Amino acid sequence: MSKYEIILYWSQEDDGYIAEVPELAGCMADGKTPVEAVKNAEVVIQEWLETAVRLGRPIPEPKGRLHYA
């Protein structure tokens, strides 16, 4: 599992769940269930990272929103 923040929400328009990865521009996935949307997001995150490496683009470090002690 990646360390990038994933924002999950219901989309009435798409009749499914959307999983957005705000730290990776344009990176998002969908699914009929929350679990499916997150699993699909993990695949898209890896594809996003592979494409960035191939194109020589910078890859942001995962920041996340929650900090644990």
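Because the structure is a prediction, the values reported are computed rather than measured.

A. Highlighting the sheet that holds strand 3 (residues 28-31). Across the sheet, three strands lie side by side as 1-2-3; this open sheet has antiparallel pairing. The open sheet has two edge strands, strand 1 (7-11) and strand 3, and neither has a second partner. Between one strand axis and the next, the sheet turns through 25 degrees on average, direction left out of account. Running at roughly 150 degrees to strand 3, helix 1 (residues 34-55) makes contact with strand 1, strand 2 (16-20) and strand 3 of the sheet.

B. Spatial organisation of unusual backbone geometry. If you check the backbone angles, Asp15 has positive phi at about 55 degrees while not being a glycine. Locating Asp15 in the fold gives a position in the loop between strand 1 and strand 2. Relative accessible area serves as the criterion here: at 46%, Asp15 is assigned to the partly exposed category.

C. Structural context of the environment of Gly16. Relative to the helices and strands, Gly16 is located in strand 2. Excluding residues within four positions of it along the chain, Gly16 makes contact with Tyr9, Trp10, Ser11 and Gly31.

D. Summary view of a nonpolar patch on the surface. A cluster of nonpolar side chains, namely Ile7, Tyr9 and Met28, defines an oily patch on the protein surface of about 250 Å² accessible area. Structurally, the position occupied by Tyr9 is in strand 1. The class of Tyr9 is partly exposed, set by a relative accessible area of 33%.

E. Examining the environment of Tyr9 more closely. For the pair Tyr9 and Pro34, spaced 25 residues apart in the sequence, the C-alpha separation amounts to 8.2 Å. A polar contact of 2.5 Å, which involves the side chain of Tyr9, links it to the side chain of Glu20.

F. The pattern of salt bridges, seen in detail. Evaluation of the coordinates by the stated rule reveals one salt bridge. Two residues, Asp15 and Lys32, come together in a salt bridge whose shortest N-O distance is 3.9 Å. Remark: Lys32 occurs in the loop between strand 3 and helix 1 and Asp15 occurs in the loop between strand 1 and strand 2; sequence separation between them is 17 residues. A relative accessible area of 56% places Lys32 in the exposed class.

G. Fine view of the pairing of strand 2. Summarising the sheet, strand 1 and strand 2 pair through five bridges and their orientation is antiparallel. Counterpart to Ser11 in the pairing with strand 2 is Gly16. Taken together, strand 1 and the strand that follows it, strand 2, pair antiparallel across an intervening segment of four residues, in which Asp15 is found at a positive phi of about 55 degrees. Relative to strand 3, strand 2 runs antiparallel, the two sharing four bridges.

Basis of the calculations
- Residues numbered from 1 in each chain as written.
- Predicted model: local features only at pLDDT ≥ 70, side-chain atom pairs only at ≥ 80, totals over all residues.
- Heavy atoms only, no water.
- Pairing = 2+ DSSP bridges.
- Helix = DSSP H or I, 4+ residues; strand = E, 2+ residues; numbered from the N terminus.
- Axes fitted to C-alpha atoms, helices over the stretch in contact; angles between N-to-C directions.
- Contact = heavy atoms within 4.5 Å.
- Buried < 20%, exposed > 50% of the residue type's maximum accessible area, 1.4 Å probe, protein only.
- Patch = residues over 30% accessible without salt bridge, like charges linked within 9 Å, V, L, I, M, F, W, Y side chains within 5 Å.
- Areas by Shrake-Rupley, 256 points an atom, 1.4 Å probe, with all protein chains shown as cover.
- Salt bridge = Lys/Arg side-chain N within 4 Å of Asp/Glu carboxyl O.
- Polar contact = N/O pair within 3.5 Å; in protein donor to acceptor, adjacent residues only side chain to side chain.

Don't take any of this as a statement about function, it's just geometry.
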